[in-house]
Every structure is written in C-alpha cells, then in structure tokens.
Amino acid sequence: MATIASPVEINSEVADFLKRPRKMFIGGAWVEAASGKTFDTYNPATGEVLAKVCEGDHVDIDRAVKAARKAFEEGPWPDMVPAERARLLWKLAELIDEHKEELAELETLDNGKPLLFSRIVDVPTAAANFRYMSGWATKIEGSTIPISMPRAKYFAYTLREPIGVAGQIIPWNFPLIMASLKLGPALAAGCTVVLKPAEQTPLTALRLGELIQEAGFPDGVVNIVPGFGETAGAALAAHPDVDKVAFTGSTEVGRLIVTAAAGNLKKVSLELGGKSPNIVFADADLDCAIPGSANAIFFNQGQICAAGSRLFVHKSIFDKVVAGVAEASKKFQIGPGIDPATTLGPLVSQEQLERVCGYLDSGIKDGAKAAIGGRKIAGSGYFVEPTVLVDVRPEMKVVREEIFGPVVTAIPFSDPNEIVKSANDTHYGLASAVWTRDVSTAHKVAAKIRAGTVWVNCYNIFDAALPFGGYRQSGWGRECGREGIELYTETKAVCAQL
Ligand code: ADP
C-alpha cells in the first residue's frame, strides 16, 4: 500500500501571500466583496484551511462587468495599437518567469499537484501561452473579397474586431494554465475580461492579477472575481452586458452555461469533459506505450479532461500492458505536492475524493477488479491510489462516465477494424491516442476517431499553437492557435461601391 511522504516548509513570499484575506480585482483596484463575505480555500494535502478569499457574487460580477465595459469603450485600451498589446502580454510572461518559484508553490499548495510539475509544466506553460498570444496581437487580419454583383464595382473587405467584454469561467485542475489560455487570446484580440477562477483554487489567478497590474494593463481590462459557481459563475454567464462567455469545466455545468447565455445570446465557447480512448495495437513499441499509457491517466492525479481513461489493448499484449501500467503506478512517489520528491499528489478536494471513491465502489460492485490500487489512502489529505480496473464491460459507469481521478479501465480488443467503434462509443470526443509502429494504421485510425485531438505514440502533448477542444459533448470551439484567437473576434464585412 502506498505511503504519504512528510511535508516540507514553504517559502516566505508565499507564506505572506497566504496570511491576508485575498481581495478581488475590479477596475484596477483590489476590493472586498460587496457582501463583505469571504470563503476558505484548502490545502488538499492536509485538508487544512490555506487562505481566506473574498467571495464575489452577482453584485461583484456586475461591478466587474461595468469596469470591463468601461475599459472596452473608453480610455487607453480601445486606442492601443496591437504592438502595444503584444508588448504587455510579453511583459506579463516575463513577470511570470520572474516569479516562477512563488507561483509554482502557490499552485501546488492550492491544488495539491506535485511541485515538480507546477515548476516544469504549469508555470512555464502559462508564460508560454501569453508569449504565443502576444505574437497574435499584431496578426489579426481580415481579407479582401471579390464581389460578383453586376453593373457596378465594389471594394469589399473584412475586419476582425474584438468581441467585447468576455466572461471567463475556469476550473481547478490547471488554475494558472487555464487563466492563461483564457486571458491570452482575449487580450491579444483587444477584448476586456471578467475572469472567475474556481472556488477550490483561486490563488494563482489572484497573484496573476497583481502581475497584470505590474505589467501595465490599463485599469478594468482584466477583472478577477473569485466566488462560487452557482452565484458568481452563474451571474457572469447570464450577465446581459457580457458579449461572450468562455468556460472550461464539466459537461453538466457546460449545459447550464449555454442556458444562462441564451438570455442575451452571448457567444459561447466550451471545453468540457472527456472519456478518452487510448488504443495500444499489437505492434506498438511497449517501451513507450506502457509508460505513455500510465502518464495518460495518472498525470495530474487523473484530473485532466483529456485523460486516457479508457485503455484499449490488443488481446495478444493485454496482460503485459496491464501489468506494465500497474508496475509504473507503483513507481509514483505519493505525497504532499509541496515535497519536491512527490510525483503523485492528492486530489483537489474532499468532494472530488468522494466522487472518485464512489466510482471505485461502483466499478467493483458492477464486477470490475482492481489490477492495482482501488482505494483511498488512509490519513489526512485527499489521496487515492492510482488504479487500473480490469474485467469491465462497456455499459459500466466506470467505463461511460468521466471519473476525473487516477482510475483507468483496461479493455482488451481482438479485431483492429472494430476498435474504432468501441473508441467512439461515448458521448464525449475530446482526446484519444493510438500506439502503433504502422504509419498506415495510425493515420487510418486518426481519421476515424471522433475526437478533437488524436495523439500518435504520445499522450498529453499540448501546445499554445495546437487547437484543442471537443467533438460531441466535449465542447464548442477550439482554444489555442488561430482558432483560439477567433473565439474572441467578430468578423465585420465592409462593402463599398466604387
Ligand atoms: P468540476 O465539476 O470539475 O468542479 P465545474 O464544472 O463544477 O467543475 O466547475 C468549473 C467552473 O465552473 C468553476 O469555476 C465553477 O465555480 C464554475 N461553475 C460551477 N457551476 C456553475 C454554474 N452553475 N454557472 C457558472 N459557473 C459555474
């Protein structure tokens, strides 16, 4: 059974940040909630209160939307040349780099994830996202369009204009990365923003707000209102003066966002859940496919929408791959994320722990067997054993529903021509992977899978330039790359008779 390593001291800048109740960022000022309320954020490694945070509700959201509207219509932001927006975004990336250790520790304490990954994944990726989007600010172009109307000459062209005030609601699994994925394209396009971080993990977004201020973004361009989903989040999604809402989170809440957005028909983009198939063919290079499949499900404690949670393995190598993934799971050093030796941390919250354990119970009750793991780890903190479930059937809840924890269902297949059918047997369509040495198999399967991403002989490869998003109930739209920018622009057609 896995054990939990001992905790480590945190650095003094972070300790100071955690001492005072954290305020919200509205119109360039740090303010308390209109209600005066605060809420607690917890350290998932211990279950203890980490910090107090001002609790925004519909009144604060309204204040923030007004500030964002004012900044969109008046003052320096609408007149700012694209190169200046690019410079500000680049400066923000530099400030993230300057404060990387502090941000990494804060992220780890608030979310639970291993400091190792906060350092090498979360913080550098956030900086990279802002740098990439900085480049786009000067490259948002329309086009000239030939017109076929007879008897006169026309000159027609398109402009891509910022969509306006964007409401952005983000989850807790990659708090800083999610903030950068949302803010980067919106600011590059010239929008103003009200960002609502997840109630479980508001701290790095609030620290980012301080860096945004230091970078020199005009007041009101970015507003950050921490609070709960049903209050602050719902108010933002429904607000009549918000032009666009961008959401990342569960499919269930995605539906609520769509309904709330219908009032003023604001534009909506959604990055939702997944139950991604990870397919290992008989000819795969198992030295890569086995650790790759373990990483696909255990990275970030499985709390990643793209997680490879349905592992399909050709029956000729099924036992070997399952044993290999189980063996790989034993190599994780489980402990508080703040210990630099930790490679698998706690889940984010008590609620998430109960949810994942509920799925483990349901799987076992339905007849699945744990080839490894399968239980909560005793003691304080929200730790769960990395788990591989075998003897599963397609109709089981553990195969159909998103668990969002370190739990993979392993399923053998025999007919390579039939596997795509099983892979596509889901309401989701976010990500997928194929492990094979056969180029033809790789690309044939890639073409048939109904998912926004197909990885070939790799997993969890994300890039600011690579569009990411879902088919089916995994979402609407694509973040990153050109498409990410387009989510924040409106196209205007201008047609002049000459
Ligand atoms: P999870 O189930 O992974 O916690 P959620 O989809 O519940 O993810 O949460 C993602 C984000 O959506 C969080 O910022 C949360 O506060 C917010 N949220 C939750 N419920 C609502 C809602 N009804 N309206 C708007 N935002 C919400």
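Residues numbered from 1 in each chain as written. Predicted model: local features only at pLDDT ≥ 70, side-chain atom pairs only at ≥ 80, totals over all residues. Heavy atoms only, no water.

Undergrad: Where do I start with the overall build of the protein in this structure?
TA: Within the protein, the secondary structure is distributed over 17 helices and 20 strands. Relative to the globule expectation of 23 Å for 498 residues, the C-alpha radius of gyration of the protein, 23 Å, shows essentially globular dimensions. Expressed along its principal axes, the backbone C-alpha trace of the protein runs to roughly 70 × 65 × 40 Å. Looking at the protein as a whole, 57% of its 498 residues qualify as buried. Pairs at least 24 apart in sequence give 74% of the contacts found in the protein among residues at least 6 apart. Carbon and sulfur atoms provide 55% of the accessible area of the protein, an area that totals close to 20,100 Å². (Helix = DSSP H or I, 4+ residues; strand = E, 2+ residues; numbered from the N terminus. Rg over C-alpha atoms; globule rule 2.2 N^0.38 Å. Buried < 20%, exposed > 50% of the residue type's maximum accessible area, 1.4 Å probe, protein only. Contact = heavy atoms within 4.5 Å. Areas by Shrake-Rupley, 256 points an atom, 1.4 Å probe, with all protein chains shown as cover.)

Undergrad: For this particular structure, what's the right way to read the confidence of the model for the protein?
TA: Predicted coordinates in regions of low pLDDT should not be interpreted in detail. In the predicted model, the protein carries a mean pLDDT of 97, and the fraction of residues at 70 or more is 98%. Segment residues 1–6: pLDDT under 50, and 23 contacts once partners within four positions in sequence are set aside and those in other chains are kept. (pLDDT = per-residue confidence, 0-100.)

Undergrad: Hey, could you run me through the site of the ligand in this one?
TA: Close contacts around the ligand come from 17 residues, with I170, W172, K196, E199 and S250 the closest. The contact in question runs from an oxygen atom of the ligand to an N or O atom on the backbone of I170, over 2.7 Å. S250 places a side-chain nitrogen or oxygen 2.8 Å from an oxygen atom of the ligand. Burial of the ligand by the protein amounts to 83% of the accessible area it has alone, namely 560 Å². For the shell around the ligand, the secondary structure elements donating two or more residues are α9 (229–238), β10 (244–248) and α10 (251–261). Partitioned by chemical class, the residues of the shell around the ligand number 10 nonpolar, five polar and two charged. (Near = heavy atom within 4 Å. Polar contact = N/O pair within 3.5 Å; in protein donor to acceptor, adjacent residues only side chain to side chain. Nonpolar A, V, L, I, M, F, W, Y, C, P; charged D, E, K, R; others polar.)

Undergrad: Looking at this structure, how should I read the pattern of salt bridges?
TA: Should the charged atoms of two oppositely charged side chains come close, the side chains can pair. Tallied over the entire structure, the rule returns 26 salt bridges. Notably, a salt bridge pairs E479 with K182, separated by 2.6 Å at the nearest N-O pair. Taken together, the residues span a long stretch of sequence, with E479 in the loop between β19 (475–476) and α17 (481–486) and K182 in helix α7 (residues 175–189) at a distance of 297 residues. Summarising the burial analysis for this pair, E479 and K182 share the class buried. (Salt bridge = Lys/Arg side-chain N within 4 Å of Asp/Glu carboxyl O.)

Undergrad: Which parts of the structure should I look at to understand the packing of aromatic side chains?
TA: Think of a pair of aromatic rings as described by two things: how far the centres are apart, and how the planes are tilted against each other in angle. Counted under the stated rule, the structure contains 12 aromatic pairs. Between the aromatic rings of F281 and F413, the centroid separation amounts to 5.6 Å while the plane-to-plane angle is 75 degrees, which identifies the pairing as edge-to-face. A residue pair is termed long-range when its members are at least 10 positions apart, and F281 in the loop between β12 (277–280) and α11 (286–298) and F413 in strand β16 (residues 407–413) qualify at 132 residues. Across this residue pair, the class does not change: F281 and F413 are buried. Three or more aromatic residues joined by ring pairs make a cluster, and in this case those are W455, Y459, F462 and F468. Over the ring of W90 we find R131, and its NZ or CZ is 5.1 Å from the ring centre. The ring of Y488 is capped by K244, whose NZ or CZ atom sits 5.0 Å from the centre of that ring. (Phe/Tyr/Trp six-rings, centres within 6.5 Å; stacked < 30°, edge-to-face > 60°. Lys NZ or Arg CZ within 6 Å of the ring centre and 35° of its normal.)

Undergrad: I'm lost on the nonpolar core in this one. Help?
TA: Inside soluble globular proteins, nonpolar side chains tend to come together where they are buried. Core analysis: the biggest nonpolar cluster contains 109 residues, and F217 and V280 have the highest contact counts within it. In terms of residue count, the dominant contributor to this core is α7 (10 residues). I279, F281, V384 and I403 belong to the second-largest nonpolar core, a separate cluster that totals 28 residues. (Core = buried A, V, L, I, M, F, W, Y, C linked by side-chain atoms within 4.5 Å.)

Undergrad: What exactly am I supposed to notice about unusual backbone geometry here?
TA: Residues other than glycine seldom take positive phi values, yet F404 does so here, at roughly 60 degrees. Mapped onto the fold, F404 is located in the loop between α14 (397–400) and β16. Owing to a relative accessible area of 15%, F404 belongs among the buried residues under this scheme. Phi is positive for N457, which is not a glycine, with a value near 55 degrees. Relative to the assigned elements, N457 resides in the loop between β18 (455–456) and β19. By relative accessible area, which is 38% here, N457 ends up partly exposed.

Undergrad: Help me out: how do you make sense of α11 in this one?
TA: An α-helical segment advances 3.6 residues per turn. Residues three or four places apart therefore align on the same side. With 13 residues, α11 extends 18 Å from end C-alpha to end C-alpha; this agrees with the ideal 18 Å at 1.5 Å per step. Buried residues of α11: L286, A289, I290, G292, S293, A294, A296, I297 and F298, and no others. For α11, the N-terminal capping position is held by D285, with its side-chain oxygen 3.0 Å away from the main-chain nitrogen of D287. Positive phi appears at N300, one or two residues downstream of α11, with a value of about 60 degrees. (Expected span 1.5 Å × (residues − 1).)

Undergrad: It is not clear to me how the sheet that holds strand β20 (residues 489–497) should be interpreted in this structure. Could you clarify?
TA: In sheet architecture, strand pairing relies on hydrogen bonds along the backbone and comes in two forms, parallel and antiparallel. Strand order in the open sheet formed by three strands is β5-β6-β20, and the pairing between neighbours is antiparallel. Each edge of the open sheet is held by one strand with a lone partner, namely β5 (144–145) and β20. Bridge count between β5 and strand β6 (residues 154–162): two bridges; the pairing is antiparallel. Note on β6: the bridge partner recorded for I145 is A156. (Pairing = 2+ DSSP bridges.)

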